[in-house]
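Summary of the model geometry
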Amino acid sequence: MATHEPDQKNLEEIHVNEKAFPVSPVFEHLRSDSIEESDTSVDEALQLVGKERTSEFSDEFNRRVRRKLDLLIPPLCAAVYFTQFLDKTSLNYASIMGLPITGQNYNLVSMAFYLGFLLFEFPTVYISQKTRAAKYLGVNIVLWGVILMLHAVGTSFGAFFALRFLLGMCESCVAPTLILIISMFYKKDEQASRISWFYVMNGLTQVFGGFIAYGVSFSNDSHIAPYKIIYVLLGGLAIIVGFSVLIWLPDSPVHAHFLDQEERIAALERVRNDQGGVANKKIKRKQILEAFTDIRTWLIVLTTMMTSIPNGALSNFSNIIIRNFGYTSRQTLILSTPAGAVASLMTLFCGWYSDRKNERMIPIIIALVPTIVGAAMLIGLNDSGKKGALLFATYLIGTFGSSLSTVYAYNASNTSGHTKKSTVNAMTLLTFSIGNIVGTEIFLPKDAPAYIPGKIAIMVLLTVQLGISLLLRYINLRLNRRKFAQIEELKRSRGWTEADVQKEREKHAFMDLTDQENIYFVYTA
């Protein structure tokens, strides 16, 4: 069957005659009533539902479906993220538990994770798109569990560098896959909170990992160093989570076998109006090009860079900073845990606020302000001897981490077209990797123990990000106004009612159109 690609130029302007309809090729294609299940240009959702809504479900039935989703998908996503962040930051715990890698070599080993992440990010998102996403994720989790356990065997710089590099390669698929899965099953006004439910694990792992490391630090076994015990325990946990994902996490609503046929159809119809689609295994070059030429993509890339540099520094040096206040290693492990609790609360609040107010950029600003204040306190109170105030500042600094959770929610809500969504997610996580690589180098040994230049860098970067967030919000609202005006003009020129517009909106939902191609796609500010 011949397929039609929407004319991108027509999205810029609408005229009253039918030839200038912004997505007229798609419109005519839809009117032909000739969509086939085998057509790879459309969404796999059409295996279960038609191009028009044919089934209506009560609010109570939809709530029941959502409860079933909530009981399985967010907990499994949370288990994955809990494992990933714990494994990724295991080096932070090992650094004060006898790890034989110190000084600049420690910086390089820390960087190796993000080099592997960087190298494999684009390949992994496209492999994930071509395969069964959840199964691909599960295999990677099992592999990184094995790699993490092998850290207990290595003793040289080269061995640790190679293992951290491989760990980064395996973990690079996590965030893009989880974002896609959440966007498949949940409506836009549900996505940020569900993403926050798994992203909150970043903070909780800080609490959990700190207490586990504290307990392991009392080990007096002369045959195995405490840091090796950490790696064996965390690697074993990852393998268990990996097999759980392989068994239970669905790849999409079409393959959600824990739902019956009627519930799967309801799950798809729930997200139809959001125009985001579900899944398409065909990689489309035009969507890749659109991702790279969309100014909003680059502002998200810049946002990720501004917040990832501090993340790269603090995720590997936060315990060292606290220890340099004058605490012992064991005291440091316990005193670092409240920062995780603060970060967790901020993540949950921002996720709730984001969905409640239909906002994405304002929650990022809310998350950044306390970190800026905390960094300023660490700089201003340096050498003051006020341990309590300095500790409080380190707890404030942790709030910025929830901004990346909101970036994930932004991508899920504001990008359509499966290939474009995969590409934007890859660019986001690629930038996350680069930012973290840079971040490992802003706390240099020569600046120890205060690391003042690194703390100044964090404060400046996040202050700049406040302006970027406001700019991105303005652009999305402006694009929405333009789309609404185009739809109104279309209604006048064709004599359509609101019911007609809704019918056309439903036809476009599972055509695997990008947000720019689909006039009915609404951006979340």
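Everything here concerns the structure above.
One structure accompanies this document, and this report is about it.

Turning next to the overall build of the protein chain. A count of helical and extended segments in the protein chain gives 21 helices and zero strands. For the protein chain, with 525 residues in total, the buried portion stands at 61%. Counting contacts in the protein chain only where the partners sit at least 6 residues apart, residues at least 24 apart contribute 84% of the total.

Turning our eyes to something else, we now look at empty space enclosed by the protein. In total, this model carries eight cavities of 30 Å³ or more according to the counting rule given. The calculated volume of the largest cavity comes to roughly 460 Å³. Considering the residues around the largest cavity, the lining is formed by 27 residues, among which Q206, L314, S315, S318 and G398 are closest to the centre. At the level of secondary structure, the elements contributing two or more residues to the lining of the largest cavity comprise α3 (90-94), α9 (201-216), α13 (295-323), α15 (337-356) and α17 (387-397). Among the elements that make up the lining of the largest cavity, the one with the highest residue count is α13 (seven residues). Residues belonging to the lining of the largest cavity are distributed by class as follows: eleven nonpolar, 16 polar and no charged.

This next bit is on the nonpolar core. Membership of the largest hydrophobic core comes to 123 residues, with the highest contact counts inside it found for I73, L137, F198, Y408 and F443. Per element, the largest residue contribution to this core is twelve residues, and it comes from helix α2 (residues 59-88). Every residue in contact with I73, bar those within four places of it in the chain, is listed here: I181, I182, F185, Y186, L249, P250 and F258. Core analysis: the next-biggest nonpolar cluster, separate from the first, contains six residues, I487, L490, I519 and Y520 among them.

By the secondary structure assignment, N480 is in helix α20 (residues 452-494). The spatial distance from the C-alpha of N480 to the C-alpha of F521 is 8.6 Å, given a sequence separation of 41 residues. Non-local contacts of N480, meaning those with residues more than four positions away in its chain, are made with V522 and Y523.

Considering all chains together, one arrives at 23 salt bridges under this definition. With a shortest N-O distance of 2.8 Å, E190 and R270 are connected by a salt bridge. Taken together, the residues E190 in helix α8 (residues 188-199) and R270 in helix α11 (residues 261-270) connect sequence positions 80 residues apart. Taking the shortest distance from any N to any O, the salt bridge between E504 and K507 comes out at 3.6 Å. In this pair, E504 and K507 are both assigned in helix α21 (residues 498-508), three residues apart and thus about one turn of the helix distant. K507 matches E504 in its accessibility class, with the two residues each being buried. One network of salt bridges, in which partners are shared, links E290, D294, R296, K420 and D515.

Time to look at the side chain of S172. Relative to the helices and strands, S172 resides in the loop between α6 (157-171) and α7 (174-185). Taking the relative accessible area as the measure of exposure, S172 reaches 0% and is therefore buried. A polar contact is formed between the side chain of S172 and the backbone oxygen of M169, at a distance of 2.7 Å. If near-sequence neighbours (up to four positions away) are discounted, S172 is found in contact with F117, F120, E121 and T124.

Turning next to the packing of α8 against α9. Running from N to C, α8 and α9 cross one another at 20 degrees; their axes reach a closest spacing of 6 Å. With respect to each other, α8 and α9 are oriented roughly parallel. On α9, the residues that touch W197, F198 and Y199 of α8 are M201, N202 and G203.

Below, the discussion takes up the environment of G385. Locating G385 in the fold gives a position in the loop between α16 (361-380) and α17. Taking the C-alpha atoms as reference points, G385 and F325, separated by 60 residues in sequence, lie 7.9 Å from one another.

In this section: a nonpolar patch on the surface. A cluster of nonpolar side chains, contributed by V146, L150 and V153, occupies part of the molecular surface with about 260 Å² of accessible area. You can see V153 is positioned in the loop between α5 (133-150) and α6. With relative accessibility at 62%, the residue V153 sits in the exposed group.

What follows covers the packing of aromatic side chains. By convention here, two paired aromatic rings are described through the distance between centres and the angle between planes. Scanning all chains against the criterion turns up 19 aromatic pairs. Geometrically, the ring pair formed by F292 and W298 is tilted, given 6.2 Å between the ring centres and 55 degrees between the ring planes. The class of W298 is partly exposed, set by a relative accessible area of 40%. Judged by centre distance (6.0 Å) and plane angle (40 degrees), the ring pair of F349 and W352 falls under tilted. With F349 and W352 both in helix α15 and three residues apart, the pair spans about one turn of that helix. Residue classification places F349 among the partly exposed positions, given a relative accessible area of 36%.

This paragraph deals with the layout of surface pockets. Considering only enclosed or pocket space, the second largest pocket measures out at about 250 Å³ in volume. In this structure, the second largest pocket is lined by 13 residues; those nearest its centre are F57, D59, N62, K187 and R270. Of all elements in the fold, only α2 and α11 reach the threshold of two or more residues within the lining of the second largest pocket. For the lining of the second largest pocket, the element with the most residues is α2, which contributes four residues. Residues belonging to the lining of the second largest pocket are distributed by class as follows: one nonpolar, three polar and nine charged.

Here is what the cut-offs are and how they apply
Residues numbered from 1 in each chain as written. Predicted model: local features only at pLDDT ≥ 70, side-chain atom pairs only at ≥ 80, totals over all residues. Heavy atoms only, no water. Helix = DSSP H or I, 4+ residues; strand = E, 2+ residues; numbered from the N terminus. Buried < 20%, exposed > 50% of the residue type's maximum accessible area, 1.4 Å probe, protein only. Contact = heavy atoms within 4.5 Å. 1 Å grid on protein atoms, 1.4 Å probe; cavity = no way out; pocket = protein on both sides within 12 Å on 5 of 7 lines; lining within 4 Å. Points joined across faces, edges and corners; volume = space filled by probe spheres on them. Nonpolar A, V, L, I, M, F, W, Y, C, P; charged D, E, K, R; others polar. Core = buried A, V, L, I, M, F, W, Y, C linked by side-chain atoms within 4.5 Å. Salt bridge = Lys/Arg side-chain N within 4 Å of Asp/Glu carboxyl O. Polar contact = N/O pair within 3.5 Å; in protein donor to acceptor, adjacent residues only side chain to side chain. Axes fitted to C-alpha atoms, helices over the stretch in contact; angles between N-to-C directions. Parallel < 35°, antiparallel > 145°, perpendicular 65-115°, else oblique. Patch = residues over 30% accessible without salt bridge, like charges linked within 9 Å, V, L, I, M, F, W, Y side chains within 5 Å. Areas by Shrake-Rupley, 256 points an atom, 1.4 Å probe, with all protein chains shown as cover. Phe/Tyr/Trp six-rings, centres within 6.5 Å; stacked < 30°, edge-to-face > 60°.

Shape is all these values report; function is a separate question.
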